[in-house]
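Residue-level listing of the chains:
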Amino acid sequence: MGEEERRAVLDVLDSPQLVHGPRAVAFENDFAGWCGGGEAVSVSSCTAGLHLAWFQMGLGEGDEVIVPAQTHTATAHAVEYVGAKPVFVDAEPVTGNADLEQIEAAINERTKAISVVHYLGMPVDMRRLNAIASRHGLPVIEDAALAIGSTVDGIHAGLLGDLGCFSFYPVKHMTTAEGGMVLTRDAGIAERIRRQKAFGLDRTVVERAEPGVYDVTQLGFNYRMNELQAAIGIEQIKRLEGFLAARHRNYWHLETGLKEIDELDLLRSSHDGLESSHYCLSAILKGPAEGRRSEIVAALKAQGVGSSVYYPGPVPALGYYRDKYGLKAEDFPNATRISRQSIALPVGPHLDEDDMDRITQAMKRAIHDVCN
């Protein structure tokens with residue numbers, strides 16, 4: 001956050017309108033323009049956007065949606081919200097993204113859509129996935145929470161399927177404190193979501209000839225973004241190219257260092273027209289380091305290096321889904337290995353190449369001290 005964001009927030013506080021105002025619309029236009037097209041609809045969170053995506057499709061009981069096992073639980077929760085069933089597929093071992101062959105094998109007469117996640121910003125090969133979806137006549141929803149800056153053959157995530165949902169949570173590539181965005185090339189979808197995010201009203205505040213007079217023409221939710229959040233977003237997007245350039249530089253520098261460590265596997269990053277947003281670098285423990293993540297994380301922390309885990313387990317092995325559907329981690333071996341053995345390391349724009357060298361040396365020392 002910089003002084004520009006602070007001034008933008010104060011400007012909103014000095015204005016007569018905290019919601020239903022012009023900044024949310026301006027932010028939507030800025031975001032769509034930055035991504036290279038489509039229509040953007042601001043929402044209160046990425047999860048809200050995913051819920052609206054399934055809701056506007058009319059999914060319900062008896063419908064199935066194919067969902068990656070390796071993702072945040074919000075991806076699956078959004079399917080559950082509308083009463084449909086998430087059908088989980090395992091991850092590819094080299095990228096962490098959903099295995100496309102398993103996606104096609106999971107399609108049946110109850111399948112109504114495919115949900116994909118660009119895991120840690122590494123885009124799914126949407127060329128192959130869209131060919132599968134087209135053969136079966138299925139829409140594709142992109143969970144692009146970590147994919148601001150991810151592209152396939154130069155086309156930005158969110159414009160590769162039928163609809164994409166983005167997150168502006170504080171640890172993402174840019175932030176509005178809380179908030180999200182839906183991006184789609186389909187004007188009809190965008191209009192439905194605009195109405196459904198605001199109670200299903202037929203007229204926005206600015207469209208009402210008489211204040212307080214409107215009709216409710218459909219079921220809807222309270223999923224709007226307020227003007228404070230949008231004001232921050234307008235300023236953040238001006239800095240986004242710089243944020244992403246720093247992430248790319250840090251990622252490749254850190255990858256070069258970590259490749260020297262025999263006890264680590266690194267997930268595959270940008271290649272063959274697939275450009276990652278480089279949200280973080282996920283290093284997977286192997287050999288004598290396998291199964292010793294907690295000790296290694298503690299050793300990193302003792303050296304002042306923070307880390308995280310993406311994610312604590314395959315979603316179908318988490319309590320709610322395990323109990324409801326009778327699934328277990330062993331059903332998803334690749335996702336389980338990534339979840340249990342990976343350590344996510346930071347590459348954000350608050351860091352530089354010297355920090356990447358420090359992280360590399362700290363990892364070497366941590367593995368040596370724990371495994372010897």
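Presented here is a report on the structure given in the accompanying data block. Given the structure is predicted, the values throughout are model-derived calculations rather than measurements.

Cut-off values and rules
- Residues numbered from 1 in each chain as written.
- Predicted model: local features only at pLDDT ≥ 70, side-chain atom pairs only at ≥ 80, totals over all residues.
- Heavy atoms only, no water.
- Phe/Tyr/Trp six-rings, centres within 6.5 Å; stacked < 30°, edge-to-face > 60°.
- Core = buried A, V, L, I, M, F, W, Y, C linked by side-chain atoms within 4.5 Å.
- Buried < 20%, exposed > 50% of the residue type's maximum accessible area, 1.4 Å probe, protein only.
- Helix = DSSP H or I, 4+ residues; strand = E, 2+ residues; numbered from the N terminus.
- Contact = heavy atoms within 4.5 Å.
- Salt bridge = Lys/Arg side-chain N within 4 Å of Asp/Glu carboxyl O.
- Pairing = 2+ DSSP bridges.
- Axes fitted to C-alpha atoms, helices over the stretch in contact; angles between N-to-C directions.
- Polar contact = N/O pair within 3.5 Å; in protein donor to acceptor, adjacent residues only side chain to side chain.

Concerning the packing of aromatic side chains
Phase 1 of the analysis: Summed over the entire model, instances satisfying the criterion amount to 13 aromatic pairs.
Phase 2 of the analysis: Grouping aromatic residues by their ring pairs yields a cluster made of Phe27, Phe31, Phe166 and Phe168.

Things to note about the nonpolar core
In globular proteins that are soluble, nonpolar side chains generally tend to be buried together.
Phase 1 of the analysis: With 45 residues, the main nonpolar core has Trp54, Phe88, Leu163 and Tyr310 as its most contacted residues.
Phase 2 of the analysis: Of all the secondary structure elements, the ones that give two or more residues to this core are strand 1 (39–43), helix 3 (46–57), strand 2 (64–68), helix 4 (73–81), strand 8 (163–167), helix 7 (187–196) and helix 12 (333–341).
Phase 3 of the analysis: For this core, the leading source of residues is helix 3, giving six residues.
Phase 4 of the analysis: Ignoring anything within four residues of it in the chain, the contact list for tryptophan 54 reads Leu59, Val65, Ala78, Val79, Val82, Ala113, Ile114, Ser115 and Ile141.
Phase 5 of the analysis: Ranked by size, the runner-up nonpolar core spans 25 residues in total, among them Leu254, Ile343, Val347 and Ala362.

Brief notes about the pattern of salt bridges
Phase 1 of the analysis: All chains considered together, the criterion is met by 22 salt bridges.
Phase 2 of the analysis: With a closest N to O distance of 2.9 Å, glutamate 64 and arginine 110 form a salt bridge. With glutamate 64 in strand 2 and arginine 110 in the loop between helix 5 (100–106) and strand 4 (111–117), this residue pair connects regions lying 46 residues apart in the sequence.
Phase 3 of the analysis: Residue glutamate 64 is classed as buried on the basis of its relative accessible area of 8%.
Phase 4 of the analysis: For arginine 292, the salt bridge identified is with glutamate 295, shortest N-O distance 3.0 Å.
Phase 5 of the analysis: Here arginine 292 falls in the partly exposed class, since its relative accessible area comes to 28%.
Phase 6 of the analysis: Taken together, the shared-partner salt bridges in this structure form one network comprising Glu39, Glu191, Arg194 and Arg195.

Structural notes on the sheet that holds strand 12 (residues 281–285)
Phase 1 of the analysis: Read from one edge to the other, the open sheet built from three strands follows the order 10-12-13, with strand pairing classed as antiparallel. The sheet is open, and its two edges are formed by strand 10 (264–266) and strand 13 (342–345), each paired on a single side. For this sheet, the mean angle separating the axes of adjacent strands, direction not counted, is 30°.

Looking at the environment of glycine 313
Phase 1 of the analysis: Looking at where glycine 313 falls in the secondary structure, it is placed in the loop between helix 10 (293–302) and helix 11 (319–325).
Phase 2 of the analysis: In sequence terms glycine 313 and alanine 40 are 273 residues apart; their C-alpha atoms lie 32 Å from each other.
Phase 3 of the analysis: With residues up to four places along the chain from it excluded, the contact list for glycine 313 reads Leu318 and Ser339.

Remarks on the sheet that holds strand 7 (residues 155–156)
Phase 1 of the analysis: Strand order in the open sheet made by the three strands is 7-6-11, with antiparallel pairing throughout. Either end of the sheet is taken by a strand with one partner, and the two such strands are strand 7 and strand 11 (274–275).

A word on the side chain of glutamate 227
Phase 1 of the analysis: Tracing the chain through its elements places glutamate 227 in helix 8 (residues 227–238).
Phase 2 of the analysis: We classify glutamate 227 as buried; its relative accessible area is 0%.
Phase 3 of the analysis: A polar side-chain atom of glutamate 227 sits 2.9 Å from the main-chain amide nitrogen of alanine 24.
Phase 4 of the analysis: The contact partners of glutamate 227, leaving out residues within four places of it in the chain, are Val12, Gln17, Leu18, Val19, Gly21, Pro22, Arg23 and Ala24.

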